[in-house]
Amino acid sequence: MSHLDVVVTGLLAAVAILGALACRLSVPYPIMLVLGGAAFGFIPGLPDIRLDPELVLALFLPPLLYKSSIYANFGDFRSNARGLTLNSVVLVLVTMSAVACAAHLVIPGMSWPVAFVLGAIVSPTDPVAATAIMHRLDVPRRLVSDIEGEGLFNDATALVAYRVAVAATVAGSFAFAEAGLNFILGVIGGVAVGMAVGCMSAWIRERITDVQISVTISLLTGYAAFLPAQALGASGVLATVTAGIFMAIRSPEVLDARPRLQGYFVWDIVDFLINATLFALTGLQLHAIIAALHDYPLPALALYALAAAGTVVVVRLLWFCVVPSLTGLLARRPPPRVGPRSAPWQLITAWSGMRGAVSLAVALAIPLSTDSGPFPLRDLILFLTFAVIFFTLVAQGLTLPALIRRLHPVDEEADTDEEVRARLVASKAAIAQIDLLADEDWAGDDTVQRMRGLYEYRMRRFAARLGKIEDDGYEDRSGAYQQMVRLVLQAQRQALLTMRREGRLSNEVLNRVLRDLDLEESRLEG
């Protein structure tokens, strides 16, 4: 086998092992990947892998952003627009400036443009690990949406700031007025490109019946928005996010159940593989990066890493301790549909500011050279980026569950029975449609009776959950029914497997029938 074959096989095996270990230990997989990636790069005999910087950014960033946007709670984003804007724009710029000041002060020879490159790279948060922990601990949905929204939109601010800082480093000069104008034009252009690509994607997918082609178009939509926007000088991040949110709104209307269902699972795997690949690629380069820093004493590297990571964490803690109180005092009235965020809520949000895959992708995309020679301190910036990610993911990620359990955040404004209400409304709509179809010649009385009985029971069950009617043991009977259905479905699977073992059933037909049984089981309500 060639070196490349060994590396690819080793990467896939490492990703699978680390992912399984993360599940076993109930630890979010980014934490395990960053630990494994750090160790992976020091395995003797591994080749020195260097990727084209522009390829890294264009290859990894669009699918990460698009996946996050199509499954985001955009309604929560709209209701918390003021806080989201402050956290995803102003906080990013404040963090970037603070890190730049600390780096310029602590690291000898680091110019202001290079320091701002480092600050822009580590300023955006990555919500993957934090939201995985929060979902496991049943944190209020609005708090999870705050973390997801900030992580989604602050990438645009950070990437624009990163491009300006890199341009200043490469050219050796900086024009504030020109940078401000480019920022505004980039935002407008990015949103326009994203809307156009989203409309085109929705129009095409509405007219396609092949599931594989529809999902493939979904995988390509992020690139279709990001690359043209970048080529036009607009914000590729905003273009991708805009296209994703547009498709999130339109997909329930233009897509059938199968492409939506398969797309969900495909995107889950793609997101995991991209995150894993980024951490693994960084791990492979970490040994070479540290070797290139041989002129720096180890205590000095540790001091630089501590200064960068400490600044990121402290600035975020101070921000969420001070800014919410100031904005609350300055606001004439609270935003509609949004209650005040409590102190525990703010502290958990502050401690959830972990860095991850986006910072890695942007760091790897730093140009190799400038107009006057190699890019200054590029290897040091890569090392410090990995150090910040490592510290925030491991230190904050491993302590966040204990903090959540200790503070136990609650959301008095949120509707804790939202899902039950939605199922109740859907059941009422089903009964109304059944009544309309009852007079049709093709609808048999037994079919109408059976379906009406099913949905009337479901409606009474959800109404009892909400306290609208007295609970007459609906939950117990429903649990018994679902247990019986699962056992019956399992018996059917065993019978089909027996047929295949005896040579009476092909694998293709087996998988087709098993898929239908699995879908039937997935429709059981908890």
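Conventions adopted
- Numbers given to residues run from 1 along each chain, matching the order in which its sequence is written.
- Local features in this predicted model are restricted to residues whose pLDDT is 70 or higher, and side-chain atom pairs enter the listing and the counts only when it is 80 or higher, whereas totals over whole chains, interfaces and linings include all residues.
- Only hydrogens and water are set aside; all other atoms, that is, all heavy atoms of the structure, feed into the side-chain values.
- Think of it this way: any DSSP run of H or I at least four residues long counts as a helix, any run of E at least two long counts as a strand, and we number them from the N terminus.
- Classification of residues uses two cut-offs on accessible area relative to the type maximum, computed with a 1.4 Å probe and protein chains only: under 20% is buried, over 50% is exposed, and between them is partly exposed.
- A contact between two residues is defined here by any heavy atoms of the two lying within 4.5 Å.
- Throughout, the Shrake-Rupley method with a 1.4 Å probe supplies accessible areas, and for residues the shown protein chains are the sole cover considered.
- Patches in this entry comprise residues that are over 30% relatively accessible and not in a salt bridge; like charges within 9 Å are linked, as are nonpolar side chains (Val, Leu, Ile, Met, Phe, Trp, Tyr) within 5 Å.
- Counted as salt bridges are all cases of a side-chain nitrogen of Lys or Arg within 4 Å of a carboxyl oxygen of Asp or Glu.
- Put plainly, a pocket is an open set of points on a 1 Å grid over the protein atoms alone with protein on both sides within 12 Å along at least five of seven lines, a cavity is a set where a 1.4 Å probe fits but cannot get out, and a lining residue has an atom within 4 Å of a point.
- Grid points are joined across faces, edges and corners, and a volume is the space filled by probe spheres set on the points.
- Any residue outside Ala, Val, Leu, Ile, Met, Phe, Trp, Tyr, Cys, Pro, Asp, Glu, Lys and Arg is labelled polar, Gly included; the first ten of those are nonpolar and the last four are charged.
- Under the pairing criterion, centres of Phe, Tyr and Trp rings, with the six-membered ring standing for Trp, must be within 6.5 Å; the plane angle then separates stacked pairs below 30 degrees from edge-to-face pairs above 60, leaving the rest tilted.
- Buried Ala, Val, Leu, Ile, Met, Phe, Trp, Tyr and Cys residues that are joined via side-chain atoms within 4.5 Å together make up what is termed a nonpolar core.
- Only four residue types enter the charge count, namely Lys and Arg as positive and Asp and Glu as negative; His and the chain termini do not.
- Where a charge lies is defined by one atom per residue type: Lys uses NZ, Arg uses CZ, Asp uses CG and Glu uses CD.
- In this description, a line fitted to the C-alpha atoms serves as the axis of each element, helices being fitted only across the stretch in contact, and the angle between N-to-C directions of two axes falls anywhere from 0 to 180 degrees.
- Each angle is binned into one of four classes, with values under 35 degrees roughly parallel, values over 145 roughly antiparallel, values of 65 to 115 roughly perpendicular, and all other values oblique.
- Crossing handedness is read from the near helix: turned anticlockwise from the far helix by less than a right angle, it gives a left-handed crossing, and turned clockwise, a right-handed one.
- Any helix carries an expected span of 1.5 Å times its number of residues minus one.
- To get the bend at a residue, fit one axis to the 7 residues ending there and another to the 7 starting there, then take the angle between the axes.

(A) Up close: the overall build of the protein chain. Helix and strand counts for the protein chain come out as 20 helices and 2 strands. Counting across all 526 residues of the protein chain, residues that qualify as buried make up 46%. Taking the contacts inside the protein chain whose residues are at least 6 apart along the sequence as the reference set, 81% of them involve residues at least 24 apart. Counting every atom, the protein chain has about 26,700 Å² of accessible surface; 64% of that belongs to carbon and sulfur.

(B) Representation of a nonpolar patch on the surface. A cluster of nonpolar side chains, namely Tyr71, Leu261, Tyr264 and Phe265, defines an oily patch on the protein surface of about 400 Å² accessible area. One can find Phe265 in helix α12 (residues 257–292).

(C) Layout of the layout of surface pockets. Space inside the largest pocket adds up to approximately 940 Å³. In this structure, the largest pocket is lined by 31 residues; those nearest its centre are Lys67, Val128, Thr131, Glu148 and Asp271. Sorting the residues of the lining of the largest pocket by element identifies α2 (29–40), α3 (53–70), α7 (128–136), α8 (141–171), α12 and α15 (357–364) as the ones contributing at least two each. For the lining of the largest pocket, the leading source of residues is α12, giving 6 residues. Along the lines of polarity and charge, the residues of the lining of the largest pocket split into 17 nonpolar, 7 polar and 7 charged.

(D) Main features of the packing of aromatic side chains. For the structure shown, the criterion picks out 7 aromatic pairs. Between Tyr29 and Phe272, the aromatic rings sit 4.8 Å apart at their centres with planes inclined by 70°, giving edge-to-face as the arrangement. Here Phe272 lies in helix α12 and Tyr29 lies in helix α2, a separation of 243 residues in the sequence.

(E) Expanded view of the pattern of salt bridges. A complete count under the given rule lists 9 salt bridges for this structure. Close ionic contact of Arg493 with Asp518 constitutes a salt bridge, the shortest N to O distance being 3.1 Å. You can see Arg493 sitting in helix α19 (residues 474–501) and its partner Asp518 sitting in helix α20 (residues 507–522), a full 25 residues away along the chain. Take Arg493: its relative accessible area is 12%, and that puts it in the buried class. Among the residues examined, Asp518 registers a relative accessible area of 40% and is labelled partly exposed. Between Glu521 and Arg493 there is a salt bridge, and its shortest N-O distance comes to 2.5 Å. Of this pair, Glu521 sits in helix α20 while Arg493 is found in helix α19, placing the two residues 28 residues apart along the sequence. Residues joined in a network through salt bridges with shared partners are Arg486, Arg493, Asp518 and Glu521.

(F) Here's a closer look at the nonpolar core. In terms of nonpolar packing, the biggest core is built from 93 residues, with Val117, Ile121, Tyr162, Leu278 and Leu380 touching the most fellow members. Excluding residues within four positions of it along the chain, Tyr162 makes contact with Val117, Ala120, Ile121, Val362, Ala365, Ile366 and Pro367. Counting 13 residues, the second largest nonpolar core, distinct from the first, contains Tyr66, Ile70, Val197 and Ala202.

(G) View of a negative patch on the surface. Together, Glu470, Asp471, Asp472 and Asp476 give the surface a local cluster of negative charge. In this structure Asp472 comes out as exposed when scored by relative accessible area, which is 53%.

(H) Spatial organisation of the environment of Tyr296. Tracing the backbone through its elements, the reader meets Tyr296 in the loop between α12 and α13 (298–330). When sequence neighbours within four positions are dropped, the list of residues in contact with Tyr296 reads Leu301, Tyr304, Leu377 and Leu380.

(I) Molecular detail of the packing of helix α18 (residues 445–465) against α19. Taken N-terminus to C-terminus, the directions of α18 and α19 make an angle of 130°; their axes are 10 Å apart at the nearest point. It follows from the interaxial angle that α18 and α19 lie oblique. With respect to the hand of their crossing, α18 and α19 are arranged in left-handed fashion. Note on element contacts: α19 touches α18 through Tyr474, Glu475, Arg477, Ser478 and Gln482, opposite Tyr457, Arg460, Arg461, Ala464 and Arg465. Of the residues belonging to the contact of α18 with α19, the class tally is 3 nonpolar, 2 polar and 5 charged.

(J) Structural detail: α8. With 31 residues, α8 extends 45 Å from end C-alpha to end C-alpha; this agrees with the ideal 45 Å at 1.5 Å per step. When the local axis directions of α8 are compared, the greatest deviation, roughly 30°, occurs at Asn154. Counting buried positions along α8 yields 24 of 31 residues, so the element is predominantly enclosed.

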